[in-house]
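# Structural features, examined
Single-letter residue listing:
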Amino acid sequence: MTDQLLSIAELRVEYQGSTGVTAAVRGASLEVARGETVALVGESGSGKSTLAHAVIGLLHGGRVTGGSITFAGERLEHAPERTLRRLRGAHIGLVPQDPGTSLNPVLRIGEQVGEVLRIHGRADRCTARLEAVRILEEAGLDRPELRARQYPQDLSGGQRQRVLIGIALACTPELVIADEPTSALDVTVQRRILDHLARRTREAGTAVLLITHDLAVAAERADRIAVMREGQIVEIGSAAEILRDPQHEYTKRLIAAAPSLGAVGAERPRRPAEPSAPLLAATGLRKSFRITRDFTLTAVDDVSLEIHRGETLAVVGESGSGKSTTARIVARLAQADAGTVTFDGQDVTALRGSGLRALRRRIQVVYQNPYVSLNPKLTIGRIVSEPLQAFGIGDRRTRRDTAAELLDQVALPAAYLARRPSELSGGQRQRVAIARALALHPDLLVLDEPVSALDVSVQAQILDLLERLQSELGLAYLFISHDLAVVRRLADRVAVMRHGQIVETADTGELFDNPRHDYTRELLAAVPRAATATPVPLERTA
């Protein structure tokens, strides 16, 4: 390939874990030219992130056992740490997959953005503060001056991801490795961020290695798509070729499983509303957070919603719109400043002690971030069976058997019971979190972005599982998501949130076909739409 920037040839990477040696990458070869965008797609655990992290020497216990990595004519597979530090940030930017563990919780956002500029001599301490605000604004954050003074835990998951994107682009590197850069973002911000990457590609000749499980994003944004499975690249070609005429059976299955590429009108049939009282009702919820001495953020502002038994209510909106805060209040993990929450006819707003503990069994949560919701010191078997132990259900043997059954339900082998979270990919960790939430057979599952970290084939399995469990057990779901394709498939009704308020609630089909609020129409217009015949190249979308 002419003007080649990155060349990976026959790369092999292994990890030494508690269950032996795992070959994460097995003879993978890939090339990226200057200014080109290459999307790397595949299942969680296929080796996508390992391949990308090998380029900059961030394997965290893994080691390169074969092959070569060449960047701008320089060999990197066994490069010393001093060389890699010179390249990281300045010449190769990384947008990591997990915003929750990639930012320092004791440093303000502005300090962390400015740090990369100071390390590489692009700014001094004074100018770094001003540049940090500019970078945050370019990354799509509202009130960038305020955000620069906040800590990571003060921001939503999507806002933290935008901070990481700003850091990766701060020094205008020649290559950006974007590891699921928009998996935590709503569709409107996703489009702005990807358009921002497009402008960098056009203006500075920046190349992008885009790791994603969203085939619609890959099809719309990439010049070429590489499909990875079990550590090997099984197919590579232009986006049009891959989508129009896939050659490998695995590629065909990925495309078939992608809800983003599914047919229009794929929402589930609307079931008749329950004539009885709702399982959960929230009325007039309000929640504010004091950010600084002179500024208070109203995260939830007069929110009311109802969920009936066996129903799925989806709440969609931008990151920072109040979706997750609302979910935490409903699950009694956060206390509202005002309003009431009623569950199965009982006012649980001020529930305490044994009453609150009993409620915990009936309402379970699957969190957005599988990297921080699993105890790294426990085995997967202990993690999944922990709720059973906490409520005194079964003995050690029966709990282990139940854990194995739960793993099977979420498409993980029983052999994973002996592993620890660090030995699993992000998508595999999220499946473990879902299995744990199902252990107590709750009445209501609060699902906070439960499939955002999953590749499309596993995503389809999880959605099938959720639908089956709901049908068999009469479960109700409060489904928080920014993925409108997933919402269309799973939800009975949809509530749209913006700036802490619900601006529209409707049956799923009605909302998608006849949106009434301007913001709802804006959300729907921003959904990636990949035409299998002519996908849109990255440089044409800005």
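As the structure is a computational prediction, the values presented were derived from the model and not from experiment.

What counts, and at which threshold
- Residues numbered from 1 in each chain as written.
- Predicted model: local features only at pLDDT ≥ 70, side-chain atom pairs only at ≥ 80, totals over all residues.
- Heavy atoms only, no water.
- Helix = DSSP H or I, 4+ residues; strand = E, 2+ residues; numbered from the N terminus.
- Buried < 20%, exposed > 50% of the residue type's maximum accessible area, 1.4 Å probe, protein only.
- Domains from an automatic or database assignment.
- Contact = heavy atoms within 4.5 Å.
- Buried area = accessible area lost by both parts, 1.4 Å probe.
- Salt bridge = Lys/Arg side-chain N within 4 Å of Asp/Glu carboxyl O.
- Nonpolar A, V, L, I, M, F, W, Y, C, P; charged D, E, K, R; others polar.
- Axes fitted to C-alpha atoms, helices over the stretch in contact; angles between N-to-C directions.
- Parallel < 35°, antiparallel > 145°, perpendicular 65-115°, else oblique.
- Pairing = 2+ DSSP bridges.
- 1 Å grid on protein atoms, 1.4 Å probe; cavity = no way out; pocket = protein on both sides within 12 Å on 5 of 7 lines; lining within 4 Å.
- Points joined across faces, edges and corners; volume = space filled by probe spheres on them.
- Polar contact = N/O pair within 3.5 Å; in protein donor to acceptor, adjacent residues only side chain to side chain.
- Phe/Tyr/Trp six-rings, centres within 6.5 Å; stacked < 30°, edge-to-face > 60°.
- Lys NZ or Arg CZ within 6 Å of the ring centre and 35° of its normal.

## With respect to unusual backbone geometry
- Not every positive phi belongs to a glycine, and H60 is a case in point at roughly 50°.
- Mapped onto the elements of the fold, H60 is located in the loop between helix 1 (48–55) and strand 4 (62–71).
- With a phi angle near 55°, E180 is a residue other than glycine that sits in the positive phi range.
- Its place among the elements puts E180 in the loop between strand 7 (175–179) and helix 8 (187–204).
- Taking relative accessible area as the criterion, E180 reaches 6% and is therefore assigned buried.

## Some remarks on the domain arrangement of the chain
- Segmentation of the chain into domains returns domain 1 (1–91 + 173–263), domain 2 (102–170) and domain 3 (285–526).
- Spacing between the C-alpha centres of domain 1 and domain 2 amounts to 25 Å.
- Listed per partner, the contact involves 18 residues of domain 1 and 13 residues of domain 2.
- Regarding the contact of domain 1 and domain 2, the summed buried area is about 1,200 Å², with carbon and sulfur atoms giving 62% of it.
- There are zero salt bridges connecting domain 1 and domain 2.
- Of all the secondary structure elements, the ones that give two or more residues to the side of domain 1 that touches domain 2 are helix 2 (81–87) and helix 8.
- For the side of domain 1 that touches domain 2, the leading source of residues is helix 8, giving six residues.
- Its residues assigned to classes, the side of domain 1 that touches domain 2 comprises nine nonpolar, three polar and six charged.

## Some words on the packing of helix 16 (residues 426–438) against helix 17 (residues 456–473)
- The contact between helix 16 and helix 17 brings their axes to 12 Å, and the two run at 10°. Taken together, the axes of helix 16 and helix 17 are roughly parallel relative to one another. Contacts between helix 16 and helix 17 involve R431, I434 and L438 from the former and V458, I462, L465 and L469 from the latter.
- Across the contact of helix 16 with helix 17, the residue classes break down as six nonpolar, no polar and one charged.

## Some thoughts on the sheet that holds strand 11 (residues 280–292)
- Across the sheet, which stays open at both edges, the four strands sit in the order 12-11-14-15 with antiparallel pairing between neighbours. For this open sheet the edge positions go to strand 12 (295–307) and strand 15 (346–347), each flanked by a neighbour on one side alone.
- The pairing of strand 11 with strand 14 (residues 338–343) spans five bridges and is antiparallel. Paired with A282 across the two strands is V341, which belongs to strand 14.

## Let's talk about the side chain of T50
- Summarising the element assignment, T50 is placed in helix 1.
- For T50, the contacting residues outside a window of four places in its chain are V13, Y15, A24, V25 and L59.

## Considering empty space enclosed by the protein
- Enumeration according to the criterion identifies one cavity of 30 Å³ or more in this entry.
- What lines the largest cavity is a set of 23 residues, and nearest its centre among them are Q190, H213, D214, H482 and D483.
- Taken together, the elements giving at least two residues each to the lining of the largest cavity come down to helix 8, helix 17 and helix 18 (484–490).
- The residue inventory of the lining of the largest cavity, partitioned by class, reads nine nonpolar, 10 polar and four charged.

## Some points on the environment of D513
- Structurally, D513 can be placed in helix 19 (residues 508–513).
- Residue classification places D513 among the exposed positions, given a relative accessible area of 56%.
- Through-space distance from the C-alpha of D513 to that of I225 is 32 Å; in sequence the pair is 288 residues apart.
- Among the polar contacts made by the side chain of D513, one reaches the side chain of R488 at a distance of 3.4 Å.

## Observations concerning the environment of Q428
- Tracing the backbone through its elements, the reader meets Q428 in helix 16.
- Relative accessible area serves as the criterion here: at 9%, Q428 is assigned to the buried category.
- Separated by 90 residues in the primary sequence, Q428 and D518 place their C-alpha atoms 37 Å from one another.
- Non-local contacts of Q428, meaning those with residues more than four positions away in its chain, are made with S44, G45, L412 and Y416.

## Observations concerning the packing of aromatic side chains
- A full pass over the atoms with the stated rule returns zero aromatic pairs.
- Its guanidinium or amino end placed over the ring of F391, R357 lies 4.5 Å from that ring's centre, counting from NZ or CZ.
- Across from the ring centre of Y416, 4.3 Å away, lies the NZ or CZ of R419, which sits over that ring.

## Some words on the environment of L412
- Secondary-structure assignment places L412 in the loop between helix 15 (396–409) and helix 16.
- For L412, a relative accessible area of 5% translates into the label buried.
- Excluding anything up to four places from it in sequence, L412 contacts L407, Q428, R431 and V432.

## Section: the sheet that holds strand 3 (residues 37–42)
- Pairing is mixed in the open sheet, where six strands are placed in the order 6-7-8-3-9-10. With one partner strand each, in any of the chains shown, strand 6 (92–95) and strand 10 (232–238) form the two edges of the open sheet. Within this sheet the neighbouring strands show an average axis-to-axis angle of 15°, counted without direction.
- Direction of pairing for strand 3 relative to strand 9 (residues 224–229): parallel, over a ladder of five bridges. Bridge pairing links V41 to V227 in strand 9.

## Brief notes about helix 11 (residues 249–257)
- All of the buried residues in helix 11 are Y250, T251, L254, I255 and A257.
- Tucked inside the fold, the buried residues of helix 11 contact strand 3, helix 9 (215–221), strand 9, strand 10, helix 10 (239–244) and helix 17.

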